[in-house]
Number of protein chains: 2
Amino acid sequence: MSQDETSFQTALIATGEAIEGLLDRILAELPLPGETTRPKNLLAAMRHGSLGGGKRLRPFLLSESARLCGADADAALLAGAALELVHCYSLVHDDLPAMDNDDLRRGRPTVHKVYDDALAILAGDSLLTLAFDVMARPAIHPDAKVRLDLVMGLARASGIGGMAGGQALDLEAEGRYSEHKTPLSLKADEIRQLQAMKTGALLLFAVEAGGILAQAPERTRKALLDYGRAVGAAFQIADDILDVEADTATLGKSAGKDSEQGKGTLVALLGLDNAKAERDRLARVALEALAGFGDEADRLRATARFIVQRGH
Amino acid sequence: MSQDETSFQTALIATGEAIEGLLDRILAELPLPGETTRPKNLLAAMRHGSLGGGKRLRPFLLSESARLCGADADAALLAGAALELVHCYSLVHDDLPAMDNDDLRRGRPTVHKVYDDALAILAGDSLLTLAFDVMARPAIHPDAKVRLDLVMGLARASGIGGMAGGQALDLEAEGRYSEHKTPLSLKADEIRQLQAMKTGALLLFAVEAGGILAQAPERTRKALLDYGRAVGAAFQIADDILDVEADTATLGKSAGKDSEQGKGTLVALLGLDNAKAERDRLARVALEALAGFGDEADRLRATARFIVQRGH
């Protein structure tokens, strides 16, 4: 590994640990002042769905883009924790039998396997709700307008126009709501749009949030958005490639599920080689977007390379 | 009907229609600027889960407490629409087979019956997310701090310390997570606490939000909180009484489900007469909390009486 890669890996692990600690503390403080009864099974399900794993890639992107723009590091971590709560809620709901029906996540049984579907639904709901609570807290930024921009951005990235909408398009692509229940034949651009919503929107918001938090100038924000869009798209293609190439043990979740369920991916539509070429092209676009920055953007550059190269 | 009651009924219907129109417009505007693809089944499920019915009691309480404190009427309606989106999401998720398993809501098939469980989960998620989007919008209040207080209050009332936590306690009371899966024997105060979270928190926030929106003085807010707590508690007892006394046709949802599922209610624990006495006592507490106000609080007074007397 080069020195750059070592520094990136060290920083990724450090941010991951900081986010783990922060989420643990946020959840340990529940219920909050004025809230008297603690529903202990729900709290345990929320903890199971959010602690103990994951690369915390979204908080890392948020922290690094915030650092690039000169924002406060602790505030960026807290905003990253709020964002990660949304990511975790989406995993808990996506894993449900009614959705993707996954028994394993990060090598452990999913929330509905440990508890039941009802508690997994409620735990997801509560993690999502808590995300907005955390994003609205004064420790995020002294200026209420900045916190509101973050709340609004998080809502737009997560809702029908973003992540949840992308997940719905994915279910539609399976043919669940079509007359003959057969998978739809999506065109490449339709798959790209679906993925830009399903996984791209939250990754894009991660880097956007760094700029909001730092109240960065327009030009910097534009560069971050270009970077975030490319990285988000590359991430999903890389994920689909992994799903075809990796086995369940390496992946920590059930492998090959996407093709089993007939989901449209660029890998399935364009073939493995073309998908890899698009992934690599997107990584180059991401790096070009950062051309105006110096060494301080090296970790974001390493992140783009990491997304392309990662084994799981 | 007395003149007061006529005026109350007219106002309740007018607010209900305004909220219906507002929700319709908010949903028609989706996806928002920058969001390119519209997941049509998800949007239809969100519309089914939020339009076409309901008394819109929470927005009415918000509007009336805002009016009492001198806040802008249009802003109060928009905040009421945000609050109603949270209420609607909770109904969509609570009706799921994994939760309360209801086929009927407001006399119509529930969202998961019309679509499927996956889309009902996503529609609920998206309604909840949209609620925070709407509450953060500039049209709610020019002062970002006020909107943030509303966002934070909505999150606290809806999450593990409020509505979702109360629903989890309700599932626990069914015995789902106990060793022998037998219903727990809750004490009266435990039932009161559960209900203060499950239905009380959102009703309380409705009147609290009126005070926040108007930046009302501490004394006014305190009176509204006392009123809101009493009205919220009375509402749930009245609901449980109705569940025992009404039939399915009158109720517009499956009657008698609570006792079927062995849920702890004050009616079941204390008997019908004692439950009615507690409901009536709470209505008096609500009226006493408004003793410092003049005619301008008459509709809030009528609401307390309505909650006690309503047939469905």
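Since we're looking at a predicted model, the values are computed, not measured.

Here is what the cut-offs are and how they apply
- Residues numbered from 1 in each chain as written.
- Chains lettered and ligands numbered in written order.
- Predicted model: local features only at pLDDT ≥ 70, side-chain atom pairs only at ≥ 80, totals over all residues.
- Helix = DSSP H or I, 4+ residues; strand = E, 2+ residues; numbered from the N terminus.
- Rg over C-alpha atoms; globule rule 2.2 N^0.38 Å.
- Buried ≥ 20, exposed ≤ 12 C-beta atoms within 10 Å, placed from the backbone.
- Contact = placed C-beta atoms within 7 Å.
- Least-squares fit on C-alpha atoms with pLDDT ≥ 70 in both.
- Nonpolar A, V, L, I, M, F, W, Y, C, P; charged D, E, K, R; others polar.
- Expected span 1.5 Å × (residues − 1).
- Arc of directions from axis to C-beta.
- pLDDT = per-residue confidence, 0-100.
- Core = buried A, V, L, I, M, F, W, Y, C linked by C-beta atoms within 7 Å.
- Axes fitted to C-alpha atoms, helices over the stretch in contact; angles between N-to-C directions.
- Parallel < 35°, antiparallel > 145°, perpendicular 65-115°, else oblique.
- Left-handed = near helix turned anticlockwise from the far one by under 90°.

Moving on to the overall build of chain A. Each helix and strand counted, chain A has 15 helices and 2 strands in total. For 312 residues, the compact-globule estimate of 2.2 N^0.38 gives 20 Å, and chain A sits close to it at 19 Å. Dimensions of chain A along its principal axes, counting C-alpha atoms only, are 55 × 50 × 35 Å. Per-residue burial over chain A gives 55% buried out of 312 residues. Counted over contacts in chain A with a minimum sequence separation of 6, partners at least 24 positions apart contribute 73%.

Moving on to the relation of the copies chain B and chain A. Overlaying chain B on chain A yields an RMSD of 0.0 Å, the required transformation being a rotation through 180° with an accompanying axial translation of 0.0 Å. Read as a symmetry element, the transformation amounts to a two-fold axis. In terms of proximity to the rotation axis, the leading residue of chain B is Ala144 of chain B, whose C-alpha is 2.8 Å off the axis. With an isologous cut-off of 70% or more, the 100% of interface residues of chain B that recur at the interface of chain A puts this contact in the isologous class.

Moving on, we get to the interface of chain B and chain A. With 52 residues of chain B at the contact, the number on the chain A side is 52 residues. Those elements that provide at least two residues to the side of chain B that touches chain A are α2 (40-50), α6 (117-135), α7 (144-158), α8 (163-173) and α9 (188-213) of chain B. Among the elements that make up the side of chain B that touches chain A, the one with the highest residue count is α6 of chain B (12 residues). The residue makeup of the side of chain B that touches chain A, split by class, is 30 nonpolar, 12 polar and 10 charged.

In an α-helix, one full turn covers 3.6 residues, which means residues spaced three or four apart are oriented alike. Residue and element names in this part refer to chain B. In this model, helix α14 (residues 272-289) (18 residues) spans 26 Å end to end at C-alpha, consistent with the 26 Å of a helix rising 1.5 Å per residue. Here α14 has its buried residues at Ala275, Arg279, Leu282, Ala283, Ala286 and Ala289. Buried residues of α14 fall within an arc of 120° about the axis and therefore sit on the same side. In this structure, the buried residues of α14 make contact with α10 (218-245), α13 (266-270) and α15 (298-309).

Once that is clear, we can look at the environment of Leu269 of chain A. Residues and elements named next belong to chain A. As for its position among the elements, Leu269 is in helix α13 (residues 266-270). Leu269 sits in the partly exposed class, given 15 other C-beta atoms within 10 Å. Put simply, Leu269 and Tyr115 are 154 residues apart on the chain and 37 Å apart in space, counted from C-alpha to C-alpha.

Residues with a pLDDT of 70 or more make up 91% of chain A, whose mean pLDDT is 91. With pTM at 0.94, the complex prediction returns an ipTM value of 0.94.

Within the secondary structure layout, Gln309 of chain B lies in helix α15. Between the alpha carbons of Gln309 of chain B and Leu22 of chain B there is a distance of 29 Å; along the sequence they are 287 residues apart.

Our next topic: the nonpolar core. In terms of nonpolar packing, the biggest core is built from 213 residues, with Ala79, Val151 and Ala234 of chain A together with Ala79, Val151 and Ala234 of chain B touching the most fellow members. Not counting chain neighbours up to four residues away, the residues in contact with Ala79 of chain A comprise Leu62, Met135, Ile140, Leu150, Ala209 and Leu213 of chain A.

The next point concerns the packing of helix α7 (residues 144-158) of chain A against helix α9 (residues 188-213) of chain A. All names here are of chain A. Packing of α7 against α9 brings their axes to within 9 Å, and their N-to-C directions diverge by 170°. Relative to α9, α7 is oriented roughly antiparallel. Along the contact surface, α7 presents Val146, Asp149, Leu150, Gly153, Leu154, Ala157 and Ser158, while α9 presents Ala201, Leu202, Leu204, Phe205, Glu208, Ala209, Ile212 and Leu213. Here the residues of the contact of α7 with α9 sort into 11 nonpolar, 2 polar and 2 charged.

Before going further, it helps to examine the packing of helix α8 (residues 163-173) of chain A against α6 of chain B. As a packed pair, α8 of chain A and α6 of chain B sit with axes 10 Å apart at the nearest point and diverge in direction by 165°. Between α8 of chain A and α6 of chain B, the crossing angle belongs to the class labelled roughly antiparallel. The chirality of how α8 of chain A crosses α6 of chain B is left-handed. Note on element contacts: α6 of chain B touches α8 of chain A through Ala118, Leu119, Leu122, Asp125, Ser126 and Thr129 of chain B, opposite Ala164, Gln167, Ala168 and Leu171 of chain A. The residue inventory of the contact of α8 of chain A with α6 of chain B, partitioned by class, reads 6 nonpolar, 3 polar and 1 charged.

Our next topic: the environment of Ala136 of chain B. Position of Ala136 of chain B among the secondary structure elements: in the loop between α6 and α7. Sequence-wise, Ala136 of chain B and Ala79 of chain B are 57 residues apart; in three dimensions their C-alpha atoms are separated by 9.3 Å.

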